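# Fold and contact review
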Amino acid sequence: MSHGEIYNLTVYQVGAVKAFAEAAGSRLAHVKAHGALYNMAAKDLGMARALAEAVHDVDSSLVFFGLAGSELVRAGREAGLHVAEEVFADRSYQADGSLTPRGQPGAMITDVDTAISQVLRMVREGVVRSQQGVDVPVKADTLCIHGDQPGAATFARDIRAALIAEGIDIRPPQATYEYR
């Protein structure tokens, strides 16, 4: 898809979801690309800009989620959006800061204690250990836990409990991120 097509589809989808939320008496608070689009835009500034500009043009008050340190974060800031740098509890990382592709061994972290250790390190120290054994700098504004793994609800509950036990505040994105 061209960057223009990505922009147009994003305007359409974000606008529709925003309208559905408002019709139901709620509001859309943030936008996050999903799956392959997210991972490609994390590395491709043109794709990331198309997404960020579309979100900005629909509603510049929305929080824009992007993989910590990625082109999504850069593009969101360039577009003047509130940006939340996202880290992953249940995914392993590569030395370049990208997520390990799901088709590779060890891409998913299924042991909750391993995930908790990774999350606490990202939040407290601002680093994550890559599969190559390198500490990669990350900023942890928001945390993703995938719901498609077995026992995901228990996994999320245990991570939340560990964060609270460590005195780490858990707040909605719109309350935690500064503009630019």
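We now turn to the structure provided with this report. (Residues numbered from 1 in each chain as written. Predicted model: local features only at pLDDT ≥ 70, side-chain atom pairs only at ≥ 80, totals over all residues. Heavy atoms only, no water.)

## Digging into the pairing of strand S3 (residues 82-88)
The line we're drawing: Per-residue accessibility, obtained with a 1.4 Å probe over protein chains only, is compared with the maximum for each type, and a residue is labelled buried under 20%, exposed over 50%, and partly exposed between these values. Helix and strand definitions here come from DSSP, where helices need a minimum of 4 consecutive H or I residues and strands a minimum of 2 consecutive E residues; each element is numbered from the N-terminal end. Should DSSP find at least two bridges between two strands, the strands are regarded as paired.
Within S3, six of the seven residues are buried, leaving the element largely enclosed by the surrounding structure. Here strand S2 (residues 63-67) runs beside S3; their pairing, made up of five bridges, is parallel. The residue of S3 that forms the bridge with Phe64 is Val83. Bridge analysis of S3 against strand S6 (residues 142-144) gives three bridges, and the strand direction is parallel. Considered in S6, the bridge of Glu86 is made with Thr142.

## With respect to the sheet that holds S2
Taken in spatial order, the four strands of this open sheet run S1-S2-S3-S6, and their pairing is parallel. Single-partner strands in this sheet number two, and they are strand S1 (30-31) and S6.

## Quick word on the side chain of Asp59
Within the secondary structure, Asp59 sits in the loop between helix H3 (45-58) and S2. Of the residues examined, Asp59 reaches a relative accessible area of 17% and is grouped as buried.

## Observations regarding the pattern of salt bridges
Threshold: Every case where a carboxyl oxygen of Asp or Glu lies within 4 Å of a side-chain nitrogen of Lys or Arg is listed as a salt bridge.
According to the stated counting rule, one finds 14 salt bridges in the structure shown. Close ionic contact of Glu78 with Arg74 constitutes a salt bridge, the shortest N to O distance being 3.3 Å. Residue Glu78 and its partner Arg74 are located together in helix H4 (residues 71-78), separated by four residues, close to a single helical turn. Residue class for Glu78 comes out partly exposed when judged on its relative accessible area of 39%. The partner of Glu125 in a salt bridge is Arg121, and the shortest N-O contact between them spans 3.0 Å. Here Glu125 and its partner Arg121 are both found in helix H5 (residues 112-125), four residues apart, which amounts to about one turn of the helix. Here Arg121 falls in the partly exposed class, since its relative accessible area comes to 22%. When salt bridges with common partners are traced through the structure, they connect Arg49, Glu71, Arg74 and Glu78 into a single cluster.

## Re the packing of aromatic side chains
The criterion, for reference: Within 6.5 Å between ring centres, the rings of Phe, Tyr and Trp (the latter by its six-membered ring) count as paired, and their orientation is classed by plane angle as stacked under 30 degrees, edge-to-face over 60, tilted in between. Any Lys NZ or Arg CZ found within 6 Å of a ring centre and within 35 degrees of that ring's normal is scored as a charge over the ring.
As enumerated under the stated definition, the model contains one aromatic pair in all. One cation-aromatic arrangement involves Lys32 over Tyr38; the distance from NZ or CZ to the ring centre is 5.2 Å.

## Digging into the side chain of Arg91
The following threshold applies: Residues scored as charged are limited to Lys and Arg (positive) and Asp and Glu (negative), so that His and the chain ends carry no count. In protein, a polar contact requires one atom able to donate a hydrogen and another able to accept it; more generally it is a pair of N or O atoms within 3.5 Å, and residues adjacent in sequence count only if both atoms are side-chain atoms. Should any heavy atoms of two residues lie within 4.5 Å, those residues are considered in contact.
Position of Arg91 relative to the elements: it lies in the loop between S3 and H5. Despite being buried, Arg91 has no salt bridge partner; Asp90 is the closest side chain of opposite charge, sitting 5.9 Å away. From its side chain, Arg91 meets the backbone oxygen of Ala107 in a polar contact 3.4 Å long. Residues in contact with Arg91, not counting those within four places in the same chain, are Leu99, Thr100, Pro101, Arg102, Ala107, Met108, Ile109, Gln118 and His146.

## Some points on H4
To keep it simple, the criterion reads: Directions from the helix axis toward the C-beta atoms define the arc.
Those residues of H4 lying buried are Leu72, Val73, Ala75 and Gly76. Considered in projection along H4, the buried side chains sweep an arc of 165 degrees and stay on one side of the axis. Summarising the contacts, the buried residues of H4 are in contact with helix H2 (35-43), H3, S2 and S3. The N-capping residue of H4, defined by a side-chain oxygen 3.2 Å from the backbone nitrogen of Leu72, is Ser70. Trailing H4 by a residue or two, Gly80 shows a phi angle of about 85 degrees, which is positive.

## A short note on the nonpolar core
Here is the rule: What makes a nonpolar core is a set of buried Ala, Val, Leu, Ile, Met, Phe, Trp, Tyr and Cys residues whose side-chain atoms join them at distances within 4.5 Å.
If you look at the biggest cluster of nonpolar residues, it comprises 43 residues, and the most contacted ones within it are Leu72, Tyr93 and Ile159. For this core, the secondary structure elements donating two or more residues are helix H1 (3-23), H2, H3, S2, H4, S3, H5 and helix H6 (152-165). In terms of residues, this core owes the most to one element, H3, which gives seven residues.

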